[in-house]
Amino acid sequence: MGLFKSNRVVYKPVKDMNLGPDSTEFYLQANVKAPRMTGIVVKIVTWLLESRIFGPLLVYILKGNNLIHKHVTNADLEEPPLYVPLHHFEDHKEQEVKCLDFNLTPPEKVEVAINCLPTTFDKPINGTKPSLNRWTIMDYFNAYSSGVITPNMVAERFIAAVDESSKPRLQMGFFINYNVEDILRQANESTIRYQKGEPISVLDGVPVAIKDEIDCLPYPTTGGTKWLHKQRPCTDDAGCITRLRLCGAMLVGKTNMHELGAGTSGINPHYGASRNPYDASRIAGGSSSGSAAVVSAGLCPVALGVDGGGSVRMPAALCGVVGLKPTFGRIPHDGVIPLNWSVGMVGILAGTVEDSLITYAAISGEIPSHQPSGVPAKINLPILPLTKSISDIKLAKYGKWFDDCSEDVRICCSHALNKLQGRYGWKIVDVTIPEIEVMRLAHYSTIGSECHTSLDSFQDKNLAESGWDVRVALKIYGAFSSMEYIKAQKIRNRQLQFHKKIFSEADVIVSPTTGVTAYPIQSDALKTGELDYVNGAALIRYSIAGNFLGLPAVTVPVGYDKSGLPIGLQFIGRPWAEATLLHLAFAMQAICMSEYRKPAIYYDYDLLRTK
């Protein structure tokens, strides 16, 4: 390739593409050409990128070497652009579901969800007792209702645990901000309600953590920066927070995140690295790193994150918890920092599928005026005791993509999928999903352009306060042209057509959640942040369709690598078909839960029962 000349790709019309297992479409693996950068190296690269002379040339070379010019900039496509992945509602006739009435309040929706839970738990398949018994929302509710413990006791235990986790011995980096006085106030109000026998819902007094990308009073919303909250004050709760408050949830603080969501590691030079509870020397994943870590460590049964590029599912998988990203538009997005408006989505991190279902019921349901048509999207909840009776599920699997991961991940996910198929008799449908790497490049162009645009009015004067890794990312983000953005949206339209074809033959697409497990945190990254696009591409490999195409997706823990680090399996579904995904996730959880392992850093509220 010449310096100012690049090959171009002329894409075949979608109608001429073969998506079957016998397709001759070439599987393009990620070929990331960018060195890992931290410390003095990232500072030098930042200086070069911010230079008016060297910056544009360096970005041009980077984009060329990483095939953006070939597959996006100079691409020849016939599809019109699709700027926002809003989906008109289509009733998929999901099996064994209960439909939520649109007029129900959040506590009433939670009550419907409770009626969808199993009343008894199946015995472990291999007859062994699991080493990990996470406290669920129902565990808190039952303990509070019986008077064995109170929300006040949980709040005090939580505050002590967070304080312990923040000390030099651990430095887990769970939270950016938590307010002891506000937590105790909420706990006291909840305790009084239980004493009167008047809890608002099963979420009353249950600790829930919030990613610091979502407005939640009394906290500023930093987005992981040291400056954004000064430019964008938090004046009210986000819509999803309002719904949690209406259910009585105890909101316990703002979790740490990769600064501006601009990375996959969760290493934040301002607030510390969020560390993985299974191995504190490893990353928690990003950008909803703190939310995944607090759930994994047992501090909360549920936390909220925002998923713009796997930012809920990726850390959930690395930390061994459930991560649910609903359909684009399913959950109100008001009060969320508008970093990437066409790909970002509030998501749920939970210790169990059941808890993700309860929380999903509480916060789902878009504001009617925001719907893409006059017909509101129906909300189905899965009746989990009836999961076993679901028949004729077809799981689409693209073998070359599925296997494009580490050996440990491939073996573990293949084994889990085989067990799922064997137990339920569901069918694996072999398919080809063309141009997956092209979709990643188009998504990167999109999320980068939108992030840069959203920060345009005030980033220059605050740039020096950002981490060095984020300064590099923002300079690259700002180098995408309007033509590249539009061509990325044409690729979005093209990919949506591919996925619609696949969903005409299958109910879900199945894949690993990440291509690798949690990698080590290196000391040279703690002060400057880290740019590691090679590992980043492996972590994000399976996440893109959920964001770029607005599809619902869920990850569930299915095992561990040779080092004992968690591995997740992902199900990607049709628009608005979250109930089917949760059924499948519940089925997978039932198979794997007897082998779940307790994290090295774990706070067990069972200790309160003995006091």
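Predicted model, so just to flag it, every value in this text is computed and none were measured.

1. Digging into the overall build of the chain
Part 1 of the argument: Scanning the chain for helices and strands turns up 21 helices and 17 strands.
Part 2 of the argument: Taken over the C-alpha trace, the chain has a radius of gyration of 23 Å; the compact-globule value for 611 residues is 25 Å, and the two agree within 12%.
Part 3 of the argument: With respect to the three principal axes, the spread of C-alpha positions in the chain is 75 × 55 × 50 Å.
Part 4 of the argument: The buried share of the chain, taken over its 611 residues, is 63%.

2. Examining the pairing of strand S10 (residues 322-325)
Part 1 of the argument: Burial along S10 is two-sided: the face carrying Val322 and Leu324 and the face carrying Gly323 and Lys325 are both buried.
Part 2 of the argument: Bridge analysis of S10 against strand S11 (residues 346-350) gives three bridges, and the strand direction is antiparallel. When the sheet's bridge partners are listed, leucine 324 is paired in S11 with isoleucine 348.
Part 3 of the argument: Bridge analysis of S10 against strand S16 (residues 553-560) gives three bridges, and the strand direction is antiparallel. Note on S16: the bridge partner recorded for lysine 325 is alanine 553.

3. Some thoughts on the packing of helix H4 (residues 106-114) against helix H12 (residues 353-363)
Part 1 of the argument: For the pair H4 and H12, the least separation of the axes is 7 Å and the interaxial angle reads 150°. Relative to H12, H4 is oriented roughly antiparallel. Every pair of crossing elements has a handedness; the one defined by H4 and H12 is right-handed. Contact with H4, carried on its side by Pro106, Lys109, Val110, Ala113 and Ile114, involves Leu357, Ile358, Ala361 and Ala362 of H12 and no other residues of that element.

4. What to know about the pattern of salt bridges
Part 1 of the argument: In the structure shown here, the tally under the stated rule is 26 salt bridges.
Part 2 of the argument: Glutamate 79 is the partner of arginine 494 in a salt bridge, and the nearest nitrogen-oxygen pair spans 3.0 Å. You can see arginine 494 sitting in helix H18 (residues 482-503) and its partner glutamate 79 sitting in the loop between helix H3 (68-73) and strand S1 (97-99), a full 415 residues away along the chain.
Part 3 of the argument: On the basis of relative accessibility, which here comes to 1%, the residue arginine 494 falls in the buried class.
Part 4 of the argument: In this structure, arginine 541 and aspartate 404 form a salt bridge, with 3.6 Å as the shortest nitrogen-oxygen distance. Here aspartate 404 lies in the loop between helix H13 (399-402) and helix H14 (407-424) and arginine 541 lies in the loop between helix H19 (533-540) and helix H20 (544-548), a separation of 137 residues in the sequence.

5. Things to note about the environment of leucine 608
Part 1 of the argument: Tracing the backbone shows leucine 608 in the segment after helix H21 (578-592).
Part 2 of the argument: Leucine 608 sits in the buried class, given a relative accessible area of 3%.
Part 3 of the argument: Separated by 451 residues in the primary sequence, leucine 608 and arginine 157 have C-alpha atoms spaced 8.2 Å apart.
Part 4 of the argument: With sequence-adjacent residues up to four places away left out, leucine 608 is seen in contact with Ile149, Met153, Val154 and Arg157.

6. Observations concerning the side chain of arginine 243
Part 1 of the argument: Mapped onto the secondary structure, arginine 243 falls in helix H9 (residues 239-246).
Part 2 of the argument: In this structure arginine 243 comes out as buried when scored by relative accessible area, which is 17%.
Part 3 of the argument: Only 2.9 Å separates the side chain of arginine 243 from the backbone oxygen of isoleucine 363, close enough to count as a polar contact.
Part 4 of the argument: Among the polar contacts listed, one links the side chain of arginine 243 to the backbone oxygen of glycine 365, at a separation of 2.5 Å.
Part 5 of the argument: In contact with arginine 243, other than residues within four places in its own chain, are Pro106, Pro332, Ala362, Ile363, Ser364 and Gly365.

7. Observations concerning the environment of threonine 235
Part 1 of the argument: Looking at the element boundaries, threonine 235 is found in the loop between helix H8 (228-231) and H9.
Part 2 of the argument: Each C-alpha atom, one on threonine 235 and one on lysine 598, is 39 Å from the other, the two residues being 363 residues apart in sequence.

8. Description of the sheet that holds S16
Part 1 of the argument: Spatially, S2-S4-S3-S9-S11-S10-S16-S17-S15-S13-S14 is the arrangement adopted by the eleven strands of the open sheet, whose pairing is mixed. Of all strands in the sheet, those bounded by a partner on one side alone are strand S2 (175-177) and strand S14 (427-430). The mean angle between the axes of side-by-side strands here comes to 30°, regardless of whether they run parallel or antiparallel.
Part 2 of the argument: The strands that H21 touches are S10, strand S13 (394-397), strand S15 (508-512), S16 and strand S17 (566-573); relative to S16, the one it contacts most, it runs at about 10°.

9. Comments concerning the packing of aromatic side chains
Part 1 of the argument: For the structure on display, the rule yields 17 aromatic pairs.
Part 2 of the argument: Taken together, a centroid distance of 5.9 Å and an interplanar angle of 70° make the contact between tyrosine 444 and tyrosine 477 edge-to-face. Residue tyrosine 444 is found in helix H15 (residues 436-454), and its partner tyrosine 477 is found in helix H17 (residues 468-477); the two are separated by 33 residues along the sequence.
Part 3 of the argument: For tyrosine 477, a relative accessible area of 8% gives the class buried.
Part 4 of the argument: Among the aromatic residues, ring-to-ring pairing joins Trp135, Tyr140, Phe141, Tyr144, Tyr194 and Tyr605 into one connected group.
Part 5 of the argument: The positively charged end of lysine 397 is found above the aromatic ring belonging to phenylalanine 402, 4.5 Å away from the centroid.
Part 6 of the argument: The cationic tip of arginine 471 hangs over the ring face of tryptophan 468; the distance from NZ or CZ to the ring centre is 4.5 Å.

10. Some words on the packing of H12 against H21
Part 1 of the argument: Two elements in contact, H12 and H21, have axes whose closest approach is 9 Å; the angle formed by their N-to-C orientations is 160°. Classified by the angle their axes make, H12 and H21 are roughly antiparallel. Across the interface between the two elements, Val353, Glu354, Ser356, Leu357 and Tyr360 from H12 touch Glu578, Leu582, Ala585, Phe586 and Gln589 from H21.
Part 2 of the argument: Partitioned by chemical class, the residues of the contact of H12 with H21 number six nonpolar, two polar and two charged.

11. Observations regarding the nonpolar core
Note on soluble globular proteins: their nonpolar side chains tend to be buried together.
Part 1 of the argument: Ranked by size, the top nonpolar core spans 198 residues in total, and within it Leu395 and Phe571 carry the most contacts.
Part 2 of the argument: Setting aside residues up to four positions removed in sequence, leucine 395 forms contacts with Leu417, Leu420, Trp426, Lys427, Ile428, Val429, Val508, Val510, Phe571 and Leu584.

12. A word on the side chain of serine 356
Part 1 of the argument: Its place among the elements puts serine 356 in helix H12.
Part 2 of the argument: Setting aside its immediate chain neighbours within four residues, serine 356 contacts Val322, Ile348, Ala350 and Leu582.

13. Description of the environment of valine 59
Part 1 of the argument: Relative to the assigned elements, valine 59 resides in helix H2 (residues 54-65).
Part 2 of the argument: Spatially, the C-alpha atom of valine 59 lies 9.8 Å from that of glycine 478, the residues being 419 residues apart in sequence.

About the cut-offs
Residues numbered from 1 in each chain as written. Predicted model: local features only at pLDDT ≥ 70, side-chain atom pairs only at ≥ 80, totals over all residues. Heavy atoms only, no water. Helix = DSSP H or I, 4+ residues; strand = E, 2+ residues; numbered from the N terminus. Rg over C-alpha atoms; globule rule 2.2 N^0.38 Å. Buried < 20%, exposed > 50% of the residue type's maximum accessible area, 1.4 Å probe, protein only. Pairing = 2+ DSSP bridges. Axes fitted to C-alpha atoms, helices over the stretch in contact; angles between N-to-C directions. Parallel < 35°, antiparallel > 145°, perpendicular 65-115°, else oblique. Left-handed = near helix turned anticlockwise from the far one by under 90°. Contact = heavy atoms within 4.5 Å. Salt bridge = Lys/Arg side-chain N within 4 Å of Asp/Glu carboxyl O. Polar contact = N/O pair within 3.5 Å; in protein donor to acceptor, adjacent residues only side chain to side chain. Phe/Tyr/Trp six-rings, centres within 6.5 Å; stacked < 30°, edge-to-face > 60°. Lys NZ or Arg CZ within 6 Å of the ring centre and 35° of its normal. Nonpolar A, V, L, I, M, F, W, Y, C, P; charged D, E, K, R; others polar. Core = buried A, V, L, I, M, F, W, Y, C linked by side-chain atoms within 4.5 Å.

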